[in-house]
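# Coordinates in review
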Amino acid sequence: MLQRLRKPWSDNRAERLLGAVSFLACLTVACMVVFVAIHAWPTFEHNGLSWLGSGGSLSEQVERMLATSANPPASAFHIRVWPILYGTLLATGLAVLLALPLAVLSSIFIVELAPAPVRRVMIIVVRLLASVPSVIYGLIGILVLVPFVGAHLVTSAERTSLQNTVQLTGAGLVVAVVLLTVMITPIMVALTCDALGAVPAAWREGAAALGVNRLRAIRAVTLRAIRPAIVAATVLATARALGEAIVISMVSGSVFFAPRPSDGAAFLLEPFRSFASTIVDFREGLGAPALSATLYACALLLLFSAFALSVAGYLVKLPMRKYQVKG
Amino acid sequence: MHRIRRIAASLAAVTLIGSAVPAIASATSVITISGATASYPLVQLLAHKYAKLLHNKVSFRISQGGAQIGINDVAAGRVTIGDVSRDPLSTDPPGLVFYPIAKYAICVVTNKANPLSNLTEAQVQAIFTGKDREWSQIPGATATGTIDLISRTSTAGVLTNFKTLFLGNKSVSKLAAEEPSEGLLEQQVVNDPKAIGFLSNYRADSGTVNPVGYNGVGCSLANASSGQYAAVARFYEVTKGKATGAAAKFISWIDTSKVAKKIVASQWIPD
């Protein structure tokens, strides 16, 4: 027996073992989705898809959920989460819109234009920045950015005109978007830099031989080649912004409110809640069955949006395959 | 062959350590506690002293997360004792026993730049239900402009008590920011000169915010201990069924011993 075990492993056995490990990953994902879906089911049973709609005050609906005992009546499950959905999309969308040009432009600088020593240092710095734990951004947000915005960006005219609708304390959309942007840009830069580095030198040389200037070559050849990598980076960054809970919980103002573009500049200062931050804020209420089902439903939506993002990324990349460079 | 012997030896060592650890652990009894963030500092002090007095025959594992977490954990049997910062509710799971261990005061707090000294019950209600929205409507306030209401998420025990003691069970205005913990509420009041919120006296006295008097009595430990300050609530240790074993001894020690009373009286009010 021992003799047999001491023999070198055949490829066959190694293959099976590795196969089992990767199958475990699939199993984990499947179990997680099933577990969350089962717990979220009562919400959808009582609300249907109008769960995603709008109507009524969310804080009153949550309070009603908390006030019921172990066997809540059907009416306790009533909730319309549109303000949360809208807040999530708004914060994530704005952060990705800001981060995308920032990331692409700075990666072009780092890889194509910067002198070699600068490039080496920049790549290290970007990787460090990408690995900063999000709670640190949350601390900087609540200790520095929120008081700054509250003291210098919110005008007293804005406060007074909205005082019976919503409070502008400094915590709100703008701080959350800035922090999310700072969090996701380094990830996008790191991935885009890798892709830029993989563009064959011959392609650039070919462009130069045709007499194309540097900027045009970057636009027409390099950027074109790395489009799939940019899409992949955007998908990853969006997923991180979408799931960010702690930072949003700390700096978003913690109110169920849908920021209104009709309020002009004050729109950016208005508070909101995202799906992930709602789960964090109300984790104490998991004992109330109605609220717990609602929080699981939020989690299920986050899981599905991560899945949908991957699929969307794949579909967008399909037509770009012709000149693609593996990033 | 050497490698195999080495592996066998280390395996044997791991097994030995593995079997020794439970043997040591079973010599002392472990009390696990989870629950309210507000009572955490007190329970931590009590547990530390108790373990020391018993020469570490008892050890504690204490985590915080909120009153409702304590209720859920103890009802599900995940911990021996749940810490709760509010009175029992009709929605609590059946079969839980609440042992009061101390009382604490709840203070309305403002930013230090707005050293409001007193509010009447009517004023607190007008402010927190959203009727008065301007600091100019509040005599004694040095802040100007809109009042920023900072409250807690609806799961917080301190919020439940605040509504009973100050608002006559009315709800806090929907405009209020709902912070998930006392620490975040404190930070928002520190950040914002126009803010008003409420904290347990332990945090309100920490010097970062301005505790406001209520109905003419200052919110201080002395006034709450003497019974003059009215807005006082209870901390409970909660067990599933009657407390037994080490947990029962710990709870009765808090209730009867002079040492425990002294710890409670240092920053809270003996019950």
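### Digging into the overall build of chain A
- When its secondary structure is counted, chain A shows 14 helices and zero strands.
- Taken from the N to the C terminus, the helices and strands of chain A come in the order α-α-α-α-α-α-α-α-α-α-α-α-α-α.
- For chain A, the spread of C-alpha atoms along the principal axes amounts to about 70 × 70 × 35 Å.
- The proportion of buried residues among the 327 residues of chain A is 41%.
- Expressed as a percentage of contacts within chain A between residues at least 6 apart in sequence, the contacts between residues at least 24 apart total 82%.

### What to know about the overall build of chain B
- A count of helices and strands for chain B gives ten helices and eleven strands.
- Based on the C-alpha atoms only, the size of chain B along its principal axes is roughly 85 × 45 × 35 Å.
- Looking at chain B as a whole, 45% of its 271 residues qualify as buried.
- Across chain B, the fraction of contacts at a sequence separation of at least 24, relative to all contacts at a separation of at least 6, is 73%.

### Things to note about the interface of chain A and chain B
- Contacts between chain A and chain B engage 36 residues on the former and 29 residues on the latter.
- Put simply, the parts of the chain that give the side of chain A that touches chain B at least two residues each are α3 (58–66), α6 (134–153), α7 (156–161), α12 (246–251) and α13 (275–281) of chain A.
- Tallied by class, residues from the side of chain A that touches chain B come to 15 nonpolar, 17 polar and four charged.

### Looking at helix α8 (residues 173–197) of chain A
Residues and elements named next belong to chain A.
- In a regular helix each residue adds 1.5 Å, so 25 residues correspond to 36 Å; α8 covers 36 Å between its end C-alpha atoms and thus fits that length.
- Its axis deflected by about 25° at Ile 184, α8 carries its strongest bend there, up to four residues before the proline Pro 186.
- Taken across its 25 residues, α8 has 21 buried, putting it largely inside the fold.

### A word on the nonpolar core
- In this structure, Val 251 of chain A together with Cys 107 of chain B are the most contacted members of the largest nonpolar core, which totals 160 residues.
- Counting residues per element, this core draws most heavily on α8 of chain A, at 17 residues.
- Discounting residues that sit within four places of it in the chain, Val 251 of chain A has contacts with Gly 138, Gly 141, Ile 142, Leu 145, Val 146, Ala 171, Val 175, Ala 176 and Leu 179 of chain A.

### Concerning the confidence of the model for chain B
- Of all residues in chain B, 90% attain a pLDDT of 70 or more, and the chain-wide mean is 87.
- Among the prediction metrics, the complex's ipTM stands at 0.79, with pTM recorded as 0.83.

### Brief notes about the packing of α3 of chain A against helix α14 (residues 289–317) of chain A
All names here are of chain A.
- Here α3 crosses α14 at 130°, and the two axes come no closer than 6 Å. It follows from the interaxial angle that α3 and α14 lie oblique. When α3 is examined against α14, the residues Val 62, Met 65 and Leu 66 are found in contact with a partner set consisting of Ala 290, Leu 291 and Thr 294.
- For the contact of α3 with α14, the residue count by class is five nonpolar, one polar and no charged.

### Observations regarding the environment of Thr 181 of chain A
All names here are of chain A.
- Relative to the helices and strands, Thr 181 is located in helix α8.
- Each C-alpha atom, one on Thr 181 and one on Leu 139, is 16 Å from the other, the two residues being 42 residues apart in sequence.
- Setting aside residues up to four positions removed in sequence, Thr 181 forms contacts with Ala 95, Leu 98 and Ala 99.

### Thoughts on unusual backbone geometry
- Located in the positive-phi region is Asn 56 of chain B, a residue other than glycine, with phi close to 60°.
- Its place among the elements puts Asn 56 of chain B in the loop between α2 (40–53) and β2 (58–64).

### Side note on the pairing of strand β8 (residues 195–200) of chain B
Residue and element names in this part refer to chain B.
- Of all the six residues making up β8, six are buried; the element is thus mostly covered by neighbouring parts of the structure.
- Here β8 shows no split at all, with Ala 195, Gly 197 and Leu 199 on one side and Ile 196, Phe 198 and Ser 200 on the other all buried.
- Here five bridges tie strand β4 (residues 96–110) to β8, and the two strands are oriented antiparallel to one another. Of the residues in β8, the one forming a bridge with Val 109 is Gly 197.

### So, the environment of Ser 57 of chain A
All names here are of chain A.
- Positionally, Ser 57 belongs in the loop between α2 (11–47) and α3.
- On the neighbour-count criterion, Ser 57 (12 C-beta atoms within 10 Å) is exposed.
- Separated by 182 residues in the primary sequence, Ser 57 and Ala 239 have C-alpha atoms spaced 28 Å apart.

### A short note on helix α3 (residues 67–75) of chain B
Residues and elements named next belong to chain B.
- The buried count for α3 comes to eight of nine residues, which makes it a mostly enclosed element.
- Along α3, the residues classified as buried are Ala 67, Gln 68, Ile 69, Gly 70, Ile 71, Asn 72, Asp 73 and Val 74.
- Next to the buried residues of α3 lie β1 (29–35), β3 (81–84), β4, α5 (157–166) and β10 (232–240).
- Phi turns positive one or two residues past the end of α3, at Gly 77, with a value near 80°.

### Observations concerning the packing of helix α4 (residues 82–113) of chain A against α8 of chain A
All names here are of chain A.
- Interaxial distance between α4 and α8 falls to 6 Å at its minimum, and their mutual angle equals 35°. In this structure, α4 meets α8 at a crossing whose hand is right-handed.
- Here the residues of the contact of α4 with α8 sort into 20 nonpolar, six polar and one charged.

### Notes on the pairing of strand β9 (residues 210–214) of chain B
All names here are of chain B.
- Within β9, four of the five residues are buried, which leaves it mostly tucked inside the rest of the structure.
- By the bridge criterion, three bridges tie β4 to β9 in an arrangement that is antiparallel. Along β9, the bridge assignment pairs Thr 110 with Asn 210.
- In this structure, strand β5 (residues 118–119) lies alongside β9, joined through two bridges in parallel fashion. Across the sheet, Asn 118 pairs through a bridge with Gly 213, a residue of β9.

How each quantity is defined
Residues numbered from 1 in each chain as written. Chains lettered and ligands numbered in written order. Predicted model: local features only at pLDDT ≥ 70, side-chain atom pairs only at ≥ 80, totals over all residues. Helix = DSSP H or I, 4+ residues; strand = E, 2+ residues; numbered from the N terminus. Buried ≥ 20, exposed ≤ 12 C-beta atoms within 10 Å, placed from the backbone. Contact = placed C-beta atoms within 7 Å. Nonpolar A, V, L, I, M, F, W, Y, C, P; charged D, E, K, R; others polar. Expected span 1.5 Å × (residues − 1). Bend = angle between axes of the 7 residues up to and from the residue. Core = buried A, V, L, I, M, F, W, Y, C linked by C-beta atoms within 7 Å. pLDDT = per-residue confidence, 0-100. Axes fitted to C-alpha atoms, helices over the stretch in contact; angles between N-to-C directions. Parallel < 35°, antiparallel > 145°, perpendicular 65-115°, else oblique. Pairing = 2+ DSSP bridges. Left-handed = near helix turned anticlockwise from the far one by under 90°.

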